Amino acid sequence: MTALTLSTTAAPGLRADAIVVGVAKDSGSKSGDLVVAPGAESVDEAYDGKLADVLGTLGASGAEGEVTKLPAPSGFKAPLVLAVGLGPRPEKDAGYEAEALRRAAGAAARALAGTKTAGFALPVADAAGTAAVGEGALLGAYSFDVYKENGKDADSRDGKAPLGEAVLLGSNAGDEAHKAAVKRATALAEELNRARDLINTPPNDLNPAAFAAVAEGAAEEHGLKVQVLDEKALAKGGYGGILGVGSGSAAAPRLVKLSYTSPKAKKHLALVGKGITYDSGGISLKPAGHNETMKCDMSGAAAVFAAVVAAARLGLEVNVTGWLALAENMPSGSATRPGDVLRMFSGKTVEVLNTDAEGRLVLADALWAASQEKPDAIVDVATLTGAMVLALGSRTFGIMANDDAFRSAIHEAAEEVGEEAWPMPLPEHLLKGMDSPTADLANMGERMGGGLVAGLFLREFVGEGITWAHLDIAGPAFNESGPFGYTPKGGTGSAVRTLVRLAELAASGDLG
Ligand code: BES
Ligand code: MN
Ligand code: ZN
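Keep in mind that what you see is a predicted model, and the values were worked out from it rather than measured.

What follows covers the site of ligand 1. Near ligand 1, the surroundings consist of 16 residues, among which K286, D297, D356, E358 and G386 are the closest. Residue L384 places a main-chain N or O atom 3.5 Å away from a nitrogen atom belonging to ligand 1. Within the backbone of G386, one N or O atom sits 2.7 Å away from an oxygen atom of ligand 1. Relative to its unbound accessible surface of 520 Å², ligand 1 loses 76% to contact with the protein.

Okay, helix α3 (residues 98-111) next. Side chains that are three or four residues apart share a direction in an α-helix, a result of its 3.6 residues per turn. Here α3 contains 14 residues, and its C-alpha end-to-end distance of 20 Å stays within 8% of the 20 Å for a straight helix at 1.5 Å per residue. Every buried residue of α3 is accounted for by E99, L101, R102, A104, A105, G106, A107, A108 and A109.

Turning to the coordination of the zinc ion (ligand 3), a few remarks are in order. Every protein donor of the zinc ion (ligand 3) is listed here as K274 (NZ), D279 (OD), D297 (OD) and E358 (OE), and their distances to the metal cover 2.0 to 2.4 Å. Around the zinc ion (ligand 3) sit six donor atoms, and with donor-metal-donor angles ranging over 78 to 174° the site reads as octahedral. Positions of the donor residues of the zinc ion (ligand 3), expressed as sequence spacing, correspond to K-x4-D-x17-D-x60-E. The distance between the zinc ion (ligand 3) and the manganese ion (ligand 2) comes to 3.1 Å, with D279 serving as a donor to both metals. Of this pair, K274 sits in strand β10 (residues 268-279) while D297 sits in the loop between β10 and α10 (299-313); the two residues are 23 residues apart in sequence, bridging distant segments of the chain.

This next bit is on the sheet that holds strand β17 (residues 441-442). Read across the open sheet, the three strands follow the order β12-β13-β17; overall the sheet is mixed. Among the strands making up the open sheet, the edge pair consists of β12 (341-343) and β17.

Our focus in this paragraph is the pattern of salt bridges. When their charged atoms lie close together, side chains carrying opposite charge are able to pair. All chains considered together, the criterion is met by 27 salt bridges. Here E231 and R254 are joined by a salt bridge, their closest N and O atoms 2.9 Å apart. Of the two residues, E231 is situated in helix α8 (residues 231-237) and R254 in strand β9 (residues 254-260); the sequence distance between them amounts to 23 residues. Take E231: its relative accessible area is 33%, and that puts it in the partly exposed class.

The next thing to look at is the domain arrangement of the protein. Where interface size is given, it is often the accessible area lost as the parts come together that is meant. For the protein, the domain assignment lists domain 1 (3-170) and domain 2 (195-508). Each of domain 1 and domain 2 was reduced to a C-alpha centroid, and the two centroids are 36 Å apart. Taken residue by residue, the interface counts 13 residues in domain 1 and 16 residues in domain 2. A buried area of about 1200 Å², summed over both sides, lies between domain 1 and domain 2, and 57% of it is on carbon and sulfur atoms. Our count for the domain 1 to domain 2 interface comes out at two salt bridges.

Each pair of packed helices can be described by the angle between their axes along with the distance between the axes. Running from N to C, α3 and helix α4 (residues 127-140) cross one another at 35°; their axes reach a closest spacing of 7 Å. Every pair of crossing elements has a handedness; the one defined by α3 and α4 is right-handed. Judged by residue contacts, A98, L101, R102, A105, G106, A109 and R110 of α3 engage G129, A132, V133, E135, G136, A137 and G140 from α4. Here the residues of the contact of α3 with α4 are counted per class, giving seven nonpolar, four polar and three charged.

Let us now look at the packing of aromatic side chains. The relation between two aromatic rings is expressed through the spacing of the ring centres and the mutual angle of the planes. Enumeration over the complete set of coordinates arrives at four aromatic pairs. An angle of 35° between the planes, with centres 5.9 Å apart, marks the rings of F144 and Y147 as tilted. Looking at F144, the relative accessible area reads 18%, which means it is buried. Accessibility expressed as a relative area gives 45% for Y147, which makes it partly exposed. Their ring planes at 40° and their centres at 5.2 Å tell us that F457 and F461 sit as a pair that is tilted. Pair check on accessibility: F457 and F461 agree, each one buried. Stacked on the ring of F461, the Lys or Arg K348 has its end atom at 5.7 Å from the ring centre. The aromatic ring of F484 is capped on one face by R395, whose charged end is 3.5 Å from the ring centroid.

Below, the discussion takes up unusual backbone geometry. A positive phi angle, close to 60°, is found at D48, a residue other than glycine. Within the element layout of this structure, D48 appears in the loop between α1 (41-46) and α2 (51-57). For K374, which is not a glycine, the phi torsion comes out positive at approximately 50°. By secondary structure assignment, the location of K374 is in the loop between α11 (359-371) and β14 (377-382).

Moving on, we come to helix α15 (residues 496-507). Taking 1.5 Å per residue, 12 residues should reach 16 Å; α15 reaches 17 Å between its end C-alpha atoms and fits that length. When you tally the buried positions in α15, you get 11 out of 12 residues, the bulk of the element. If you check which residues of α15 are buried, you get V496, R497, T498, L499, V500, R501, L502, A503, E504, L505 and A506.

Cut-offs used in this document
Residues numbered from 1 in each chain as written. Chains lettered and ligands numbered in written order. Predicted model: local features only at pLDDT ≥ 70, side-chain atom pairs only at ≥ 80, totals over all residues. Heavy atoms only, no water. Near = heavy atom within 4 Å. Polar contact = N/O pair within 3.5 Å; in protein donor to acceptor, adjacent residues only side chain to side chain. Areas by Shrake-Rupley, 256 points an atom, 1.4 Å probe, with all protein chains shown as cover. Helix = DSSP H or I, 4+ residues; strand = E, 2+ residues; numbered from the N terminus. Expected span 1.5 Å × (residues − 1). Buried < 20%, exposed > 50% of the residue type's maximum accessible area, 1.4 Å probe, protein only. Donors = N, O, S within 2.8 Å, 3.2 Å for Na, K, Ca; no water. Tetrahedral: all angles 85-135°; square planar, octahedral: opposite > 155°, others 65-115°. Pairing = 2+ DSSP bridges. Salt bridge = Lys/Arg side-chain N within 4 Å of Asp/Glu carboxyl O. Domains from an automatic or database assignment. Contact = heavy atoms within 4.5 Å. Buried area = accessible area lost by both parts, 1.4 Å probe. Axes fitted to C-alpha atoms, helices over the stretch in contact; angles between N-to-C directions. Left-handed = near helix turned anticlockwise from the far one by under 90°. Nonpolar A, V, L, I, M, F, W, Y, C, P; charged D, E, K, R; others polar. Phe/Tyr/Trp six-rings, centres within 6.5 Å; stacked < 30°, edge-to-face > 60°. Lys NZ or Arg CZ within 6 Å of the ring centre and 35° of its normal.

Structure representation (C-alpha cells):
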C-alpha cells in the first residue's frame, strides 16, 4: 500500500514527482474566483505570487475534486505541481473542513497514479487536518488490480500503479500529535482498504470458508481470538437462519466470532456483519441486471472485520467482538424454498416467503449469538435492502435503532468521520405485515418501507434490554459509477470509519 510520511522540508526542496497544493473557490474576492489555500505559500511565491492567476488561465475554478497540473517553477526539485480543488473557501477565519481535505487529498492521490512520491502542501491547521489529508491520500490511492494482466488496474488508471508515497509537508511534522495522526490514518486506511479488497474479490474466490480463513489469518497476525463455526457446528448449535440461507450452495456457511479485548476495557461493543459472499436471490432468483454486483453483499461483514482489526491495531481501551455471518445464497435442489419454515438460533420460527430476503435470516442468528454475551451495545451492518437505496440514494446509509440517543450518537459519529448517514424510524405498525399463519413471523412484510420492515425483523432477535442499532449500507457499500474524492469504483469500505469511531467513543466512555 501507499506509504504515508511527514516532512518539515519546504515544498521547493522536496525530492518528489509532484507537489500537491489546494485551491478554493472564492466568490467574495475582487481578484477573481480562485484562491490558493494556506500551506502552499512557498509554491505561490516561486510563481511570483501569481499561482492563482496561472491556474485561472489554465481554466481552474477551485471546484471540489478538480485537478490541474502545471510545470513546477525553476529551482523546485519536483517537476510537477498539482492543484486540487477544495470547493468553496471557508468563512474568513474558519479552517477547511476535514472532509474537504480528505476528498481533495483523495482526488490528488488518484490523479497521481503512476508516480512514486508526492508532497502534499494542503491547508492543514492541526493534527486533525493531518489525519484527514493522510486518510484521503491513502484511501484515494487504492486500486484493486490482482486480477488484471501484469497486476495493474488497467481500466481506472491506464495501467498505472498507485502512488507510492504521500509526504505530508508542514512545519509541525515533528509534533507528537501529528505523528499519532499519521499512525491512526495508516492503520485505519490499511484495514479499510483490506475491506475493499474483500468486497472486490470475485465470489468464486471468496466463499464463506475463504472469508473465515482470512479472519483466522488476521487474528493470528494481530493477536485476536477467533472462533469459526462450520456447517457441522452450526447444525449442532441450532443456527437455522445461517444454515437455511447457506443450504443451496456447494460452499457451506460459517459464523466467525473475532474478539479484541483490552485489559483496560470498561465497555464491550459487539459488531455484527452481513456476509453473503454472493446473493443470487436463491429460489426467488434475482433477474439479470440485479445480480452482477452481488459479490458486494458481504460488505457489512467486511466492515466489521476491518473495524475489529483496526481497533486492535490502535490499541483501543474497549472490548470489541465482531460476528461475521457468512453464507452464499444460491438456488439448488438443497436450497431453502419459499414456504419453508426455519427454526432460528433464538428458538423463534420464521416462514421464508422470499429467499432473496436472506440477509435478515443470517443476521438474526448472529444478533442472538452476540446478545448471549450481554454486550453494552450491538451494531449490525448490512447491505440489507434495495428499499434503503431508493430512500437514501447511493451515498448515504440508513441508521435504525431501539434507542433514539444511540441512533443520534451513531449519526454524529458518522458525520465526524465524513460518512453520509441518516436516521430512519422503526414504525411499530409495520410489524403486523410480517405475521405468518404458520410460523412466529415471516421474513417479508409490506413492500412499502421495506428497509424499515427489515430493521423491525432484526429487532426481534436482539436480546432483551440490549442497546442496538442497524446500519443499512446497501447504497454506499459498492460504487457502481465513477470514482470521486477518496472513493474508488467498486467496494468502498462504507461504515468502517464510523464503526472505529464508535469503538473509540466507547473506549473513552462517551458512547452512552
Ligand atoms: N442484498 C440485497 C439488497 C441489496 C440491493 C444490496 C441492492 C445492495 C444493492 C438483499 O438481500 C435483498 O435482496 N433484499 C430484497 C428484500 C426483499 C425480497 C424483501 C430487496 O431489497 O429487494
Ligand atoms: Mn437478497
Ligand atoms: Zn442480500
